[in-house]
Amino acid sequence: MFRSSHLSAPIDKHNSKPSELSHSVTYLRTASDRLEKNILCVVGDRLVVAFPYICVECEDERGNLMKDAIYLIKDESREKSVRLEPTPYGTEDEFQTLLERFPELLAGEQIDRVNPRRWLLVAREIGIADGENLSARWALDHFFVDQDGIPTLVEVKRQSDTRLRREVVGQVLEYAANAAKWWPGSYLQQEFEKTCQKEGKDPIEALSNFLAQENLDPLAFWKLVEGRLKIGDMRLIFFSDVIPPELQRIIEFLNSQTSKTEFLAIEVQRYSGAGFS
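If you're wondering where the values come from, they're calculated on a predicted model, not measured in any experiment. (Residues numbered from 1 in each chain as written. Predicted model: local features only at pLDDT ≥ 70, side-chain atom pairs only at ≥ 80, totals over all residues. Heavy atoms only, no water.)

Undergrad: Sorry, what's going on with the pattern of salt bridges here?
TA: Proximity of charged atoms lets side chains of opposite charge pair with each other. Enumeration over the complete set of coordinates arrives at 17 salt bridges. Here Lys-201 and Glu-199 are joined by a salt bridge, their closest N and O atoms 3.3 Å apart. Here Arg-228 ties to Asp-233 by a salt bridge, and the two come within 2.4 Å at their closest N and O atoms. When salt bridges with common partners are traced through the structure, they connect Asp-112, Arg-117, Asp-146, Asp-148, Arg-235 and Glu-262 into a single cluster. (Salt bridge = Lys/Arg side-chain N within 4 Å of Asp/Glu carboxyl O.)

Undergrad: How do you make sense of helix α5 (residues 203-210) when you look at a structure like this?
TA: Note on helix geometry: an α-helix contains 3.6 residues per turn, so any two residues three or four positions apart are oriented the same way. Residues of α5 that are buried: Ala-206, Leu-207 and Phe-210. Projected down its long axis, α5 carries its buried residues within an arc of 95 degrees, all on one side. Projecting away from the buried face of α5 at angles above 90 degrees are the exposed residues Ile-204 and Asn-209. Of the residues that open α5, the one with a side-chain oxygen 3.2 Å from the backbone nitrogen of Ile-204 is Asp-202. (Buried < 20%, exposed > 50% of the residue type's maximum accessible area, 1.4 Å probe, protein only. Helix = DSSP H or I, 4+ residues; strand = E, 2+ residues; numbered from the N terminus. Arc of directions from axis to C-beta. Polar contact = N/O pair within 3.5 Å; in protein donor to acceptor, adjacent residues only side chain to side chain.)

Undergrad: Where do I start with the packing of aromatic side chains in this structure?
TA: To describe a pair of aromatic rings, one takes the distance between the centres and the angle between the planes. Inspection of the entire model under this criterion finds eight aromatic pairs. Measuring from ring centre to ring centre gives 6.1 Å for Trp-138 and Tyr-175, while their planes differ by 50 degrees; the resulting arrangement is tilted. Pair noted here: Trp-138 is in strand β10 (residues 138-146) and Tyr-175 is in helix α3 (residues 167-182), with a separation of 37 residues, a long-range link. Assigned by exposure class, Trp-138 and Tyr-175 land together as buried. Seen in terms of ring centroids, Trp-183 and Tyr-187 are 6.2 Å apart; in terms of plane orientation they differ by 40 degrees. Their pairing is tilted. Residue classification places Trp-183 among the buried residues on the basis of a relative accessible area of 3%. On the basis of relative accessible area, Tyr-187 is assigned to the partly exposed category, the value being 21%. Aromatic ring contacts, followed pair by pair, group Tyr-89, Phe-95 and Phe-239 into a single cluster. It is Arg-118 that lies over the ring of Phe-210; its NZ or CZ is 4.9 Å from the centre. (Phe/Tyr/Trp six-rings, centres within 6.5 Å; stacked < 30°, edge-to-face > 60°. Lys NZ or Arg CZ within 6 Å of the ring centre and 35° of its normal.)

Undergrad: I tried to follow the nonpolar core on my own but got confused; where do I start?
TA: Within soluble globular proteins, side chains that are nonpolar tend to cluster in buried spots. Counting 39 residues, the largest nonpolar core has Phe-143, Trp-183 and Phe-238 as the members making the most contacts within it. With seven residues, α3 is the largest single contributor of residues to this core. With 18 residues, the next largest nonpolar core counts Leu-98, Trp-119, Phe-144 and Ile-266 among its residues. (Core = buried A, V, L, I, M, F, W, Y, C linked by side-chain atoms within 4.5 Å.)

Undergrad: Looking at this structure, I do not really get the pairing of strand β12 (residues 235-240). What am I missing?
TA: For β12, a buried count of six out of six residues is recorded, marking the element as mostly surrounded by other parts of the structure. Both faces of β12 are covered, namely the face carrying Arg-235, Ile-237 and Phe-239 and the face carrying Leu-236, Phe-238 and Ser-240. Note that strand β11 (residues 151-157) and β12 share six bridges and pair parallel. The residue bridging Val-156 from the neighbouring strand is Phe-239, located in β12. As judged from the six bridges shared by β12 and strand β13 (residues 262-272), these two strands associate in the parallel manner. Counted as the bridge partner of Leu-236 is Phe-263 from β13. (Pairing = 2+ DSSP bridges.)

All we've got here are geometric facts, nothing functional implied.
Pasting the structure below:
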């Protein structure tokens, strides 16, 4: 069975040649609401919506969604289109950097329709110890918090990584269990300050700006994050260019069995072709 969709919205006329196109599919809490799609386009240093486009997909004999080309309409008359093929990310670092630059790919508006989630990157490759006063044993790919101070642990895996189907679940659970036990708020604050230093930002100003719309005290923010971690009030996200059915089923099962911790998988596929790479 073939499925096609045609969505219409303005093209960014100031930047008509994106360097890469990402098809973002978020799998939410249950099978009934698991699929929702955005087409996002990375243009220079900005993330823009790349519309209009035509997306063509099909299902195999087992009912699994197969990725096919998308067609980007380049002019307002829509008489010309550019065929873009699914393209793997070259390295995991490239994939991780994309999320670091564009946290919007975590699709906060799909996670919470009423109050869309906004993201503050605390650190990339943040260390996790397995005991008090011990050196880091593991490194989590990305640690974000949202505007309510909910810890969000993100592990990035490319489809070529065989651990994506099952092993990554144990990996992320181990990270979460030890982060909840051994991450004090002061450590998270220090890691955030290091991130700001690398980006040439003032950490106090950056946090204050992030919380400007919320009724939260920046001075007490990291204690709030620590408290949420300790009771398991957190979000665990599996971020990949392909979410295999095995991982999807595990995530749906975990969400049906837990009340405080939320499990999500986000699929962000890259497309290239005809001058778009």
